[in-house]
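Okay, here's what each chain looks like letter by letter:
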Amino acid sequence: MFQNYSENNDPSCGRRNIAALRREMMKKEITGFIIPRVDAHMGENVAPAAERLKWLTGFGGSWGVAIVKMDRAAIFVDGRYTIQVRQQVDITRFEPKHLIDEPPTQWLGKYCNNNDIIALDPWLHTSAEIESYRAALAKTGATLLLSDINYIDLAWDDQPELPQGMVEIYPEEFAGISAKDKLAALALDVKQQGADAALLSLCDGIAWAFNIRGADINRIPVAHSFAMIFANGQHKLFISGQKLNQESRKYFEGLTEVYAPEDLEKEIKNFASKKGKLLIDKQKTPHWFTQVLEKSGGTIIAGQDPTIMPKACKNDAELNATRNAHIRDGLPMAQFLQWCDTALPAGNEDEISAAKKLESFRADTGKLKDISFDTISGAGENGAICHYHVSEDSNIPIPQDRLYLVDSGGQYLDGTTDITRTIAVGDIADEAKRNYTLVLKGMIAVSLTKFPVGTTGAQLDALARQFLWADGKDYDHGTGHGVGVFLDVHEGPARISKISNIPLQPGMILSNEPGYYKEGEYGIRIENLVIIREDKRGDTEKPMLYFETITLAPIDKRPIDTSLMSQIEIDWLNAYHSEVWNKISPQLNANEKKWLKQATAKL
């Protein structure tokens with residue numbers, strides 16, 4: 001099993017560890033420290049050694065920030081974690097705040113004065129973030145200190161070592177383009193932006209550019225590394241030699257010079273001393289690089305990481321590979337949903353046993369490399385915790401006459417999957433059926449939409465929410481995120497959300513996952529992945545795009561209130577289920593086919 005259920009998010013660690021941190025702060029004569037939940041690569045998933053926020057507070061979510069002063073502390077999370085944070089954190093020591101409604105800069109402005117020295121680790125913050133903190137503190141007279149040490153690391157006695165997973169070469173049949181050609185295109189982009197080189201710090205961008213995968217982070221097949229892409233083609237990759245074998249070393253000989261991570265500072269300073277111009281993405285890159293470069297006489301060219309857009313806009317080989325991965329993933333999903341219909345009404349299963357069953361079905365394909373994230377297996381009231389992480393401590397039996405939410409995915413060599421289904425166990429109350437139907441209508445509205453080139457995710461987000469809004473409801477997360485190809489299940493830059501201003505482009509893979517969460521009772525989310533495609537299906541005045549749905553698994557029809565559904569929506573659901581039947585049934589045995597026939601029957 002990939003997923004570990006014994007992890008303990010202990011609120012009591014806050015009392016012990018905040019005291020240890022404050023002792024280190026006192027030694028260094030600082031009055032505050034900012035702790036984000038990131039590593040030096042600014043990724044959402046981090047290795048155990050970088051789980052500083054969890055060590056300090058007990059919070060196990062994928063995003064958050066804590067600020068510790070000598071007399072008070074707060075933790076900031078987004079809407080996905082507003083319930084979870086209160087369960088995992090000692091709120092008498094860390095006051096929970098909404099990251100958007102009450103941002104850290106606002107809190108600093110309220111509680112700091114001209115006697116304060118607020119420190120942060122420039123390896124864990126972007127230049128854009130530091131500029132916002134500096135501006136907020138300037139209004140109070142407080143000082144912002146960019147520290148060359150991390151005070152959590154001083155206080156954390158048993159901090160794990162950094163991972164040393166082995167690098168593997170990613171097959172070109174799935175990548176679609178050779179690493180040599182990708183690097184040549186990136187070098188040209190760097191030159192056109194007036195830079196001598198570009199700094200890459202995002203591990204998935206480096207993996208994509210060099211056609212490699214790694215094993216440093218659970219759920220995401222990347223290797224911790226940095227790279228410099230030079231306009232003249234003489235590239236540099238900074239990666240631990242322990243991650244390389246004879247095959248990978250030989251592979252890199254024709255692509256890049258390989259350096260140890262310890263050489264990074266020396267090479268940046270050497271580049272700067274020659275008046276080099278370095279392209280840096282200030283939204284994605286640790287400020288440490290800007291700091292070192294400017295002190296050493298180099299020039300910063302601010303711009304987007306050149307891997308972000310070509311990685312997001314998949315080529316035909318990547319898209320076809322991903323389609324095949326979803327057809328394969330449809331088999332274990334069908335088997336799991338059939339198992340749920342048989343096993344859950346008996347009342348003997350719990351959240352962990354169900355999640356283990358789903359993972360075992362995926363493993364039975366013989367192609368599973370990992371799960372793409374820890375399965376969210378939320379029964380009853382736990383389903384209302386948007387990013388619920390089931391553990392042995394939180395595990396509950398799956399109750400009767402309630403909704404059960406399961407959000408899961410697989411990492412296959414040819415693609416990454418992410419799917420959510422909400423399952424009716426027994427008889428569901430009319431109110432829950434209504435809300436389930438409103439969520440489904442929103443998901444269908446996004447699935448059906450056509451939109452002109454240049455449309456952003458923010459412009460589409462309301463399509464998914466409109467029916468909930470009309471009923472006085474909403475959900476506090478985005479409607480969709482980008483997805484990689486055997487890479488990060490949460491990939492930038494495009495999203496479907498209220499705040500996303502990135503134009504959607506052909507080849508992007510996004511999730512389509514509206515939801516509704518009634519605290520203390522149940523959660524609802526229905527999620528498919530979609531590919532953005534050019535619409536060539538008829539004459540249009542303007543170039544148009546549409547979504548091709550690639551997830552293939554039945555959507556539970558039992559909680560649907562058909563009186564709320566339009567004929568267009570019913571037709572979409574029936575057509576979708578017909579496609580599920582056509583593509584998944586050939587993989588099933590007779591008993592499984594019988595179940596799928598019923599599950600995909602017309603509404």
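Residues numbered from 1 in each chain as written. Predicted model: local features only at pLDDT ≥ 70, side-chain atom pairs only at ≥ 80, totals over all residues. Heavy atoms only, no water.

If you look the protein up in an unreviewed UniProt entry, it shows as X-Pro aminopeptidase from OCS116 cluster bacterium.

Asker: I'm lost on the pattern of salt bridges in this one. Help?
Answerer: Close approach of charged atoms allows side chains with opposite charge to pair. Scanning the entire structure with this criterion turns up 36 salt bridges. A salt bridge links Asp-116 to Lys-69; the shortest N-O distance between them is 2.9 Å. Placement of the pair is Asp-116 in the loop between helix H4 (104-111) and strand E5 (117-120) and Lys-69 in strand E2 (residues 65-69), with a sequence separation of 47 residues. The same class applies to Asp-116 and to Lys-69, which are both buried. (Salt bridge = Lys/Arg side-chain N within 4 Å of Asp/Glu carboxyl O. Helix = DSSP H or I, 4+ residues; strand = E, 2+ residues; numbered from the N terminus. Buried < 20%, exposed > 50% of the residue type's maximum accessible area, 1.4 Å probe, protein only.)

Asker: Hey, could you run me through the domain arrangement of the protein in this one?
Answerer: Interfaces are often described in size by the accessible area the parts lose on coming together. Partitioning the protein into domains gives domain 1 (11-146), domain 2 (168-307) and domain 3 (313-600). A separation of 29 Å is found between the C-alpha centroids of domain 1 and domain 2. Note on domain 1 versus domain 2: buried area summed over both sides is about 1,400 Å², and carbon and sulfur give 62% of it. For the pair domain 1 and domain 2, the interface holds zero salt bridges. For the side of domain 1 that touches domain 2, the class distribution of residues is nine nonpolar, five polar and two charged. (Domains from an automatic or database assignment. Buried area = accessible area lost by both parts, 1.4 Å probe. Nonpolar A, V, L, I, M, F, W, Y, C, P; charged D, E, K, R; others polar.)

Asker: What is the right way to read unusual backbone geometry from this model?
Answerer: For residues other than glycine, phi is negative in most cases, and the peptide bonds are mostly trans. Looking along the chain, the bond that leaves Gly-492 and enters Pro-493 is cis, with omega of 0 degrees. In this model, Lys-275 sits at a positive phi of 60 degrees, which is unusual for a non-glycine residue. Within the fold, Lys-275 resides in the loop between helix H11 (264-273) and strand E13 (277-280). Phi is positive for Phe-486, which is not a glycine, with a value near 45 degrees. Positionally, Phe-486 belongs in the loop between strand E22 (480-482) and strand E23 (491-496).

Asker: What exactly am I supposed to notice about the sheet that holds strand E16 (residues 376-379) here?
Answerer: Whether parallel or antiparallel, the strands of a sheet pair through hydrogen bonds between backbone atoms. Read across the open sheet, the three strands follow the order E16-E17-E20; overall the sheet is antiparallel. At either end of the open sheet lies a strand with only one pairing partner, and these are E16 and strand E20 (419-425). Taken pair by pair, the neighbouring strands of this sheet meet at an average axis angle of 10 degrees, ignoring direction. Bridge count for strand E17 (residues 402-408) against E20 is seven bridges, and the pairing is antiparallel. Residue pairing across strands places Ser-408 opposite Ile-419, the latter belonging to E20. Its contacts with the sheet place helix H15 (residues 351-363) against E16, E17 and E20, and it is angled at close to 40 degrees to E17. (Pairing = 2+ DSSP bridges. Axes fitted to C-alpha atoms, helices over the stretch in contact; angles between N-to-C directions. Contact = heavy atoms within 4.5 Å.)

Asker: Can you walk me through the packing of aromatic side chains in this structure?
Answerer: Following the criterion strictly, the structure yields 20 aromatic pairs and no others. Site record: aromatic cluster; members linked through ring pairs are Trp-123, Phe-226, Trp-288 and Phe-289. The ring of Tyr-170 is capped by Arg-213, whose NZ or CZ atom sits 3.8 Å from the centre of that ring. Over the ring of Trp-581 we find Lys-597; its NZ or CZ atom is 4.4 Å from the centre of that ring. (Phe/Tyr/Trp six-rings, centres within 6.5 Å; stacked < 30°, edge-to-face > 60°. Lys NZ or Arg CZ within 6 Å of the ring centre and 35° of its normal.)

Asker: I would appreciate a short explanation of the side chain of Glu-351 in the present structure.
Answerer: Of note, Glu-351 is situated in helix H15. Here Glu-351 sits buried without a salt bridge, and the closest side chain of opposite charge, Arg-402, lies 9.5 Å off (N-O distance). Among the polar contacts made by the side chain of Glu-351, one reaches the side chain of Tyr-388 at a distance of 2.7 Å. Discounting chain neighbours no more than four positions away, the residues touching Glu-351 are Ser-377, Gly-378, Ala-379, Asn-382, Tyr-388, Val-390, Ser-394, Asn-395, Ile-396, Ile-398 and Tyr-404. (Lys, Arg positive; Asp, Glu negative; His and termini not counted. Polar contact = N/O pair within 3.5 Å; in protein donor to acceptor, adjacent residues only side chain to side chain.)

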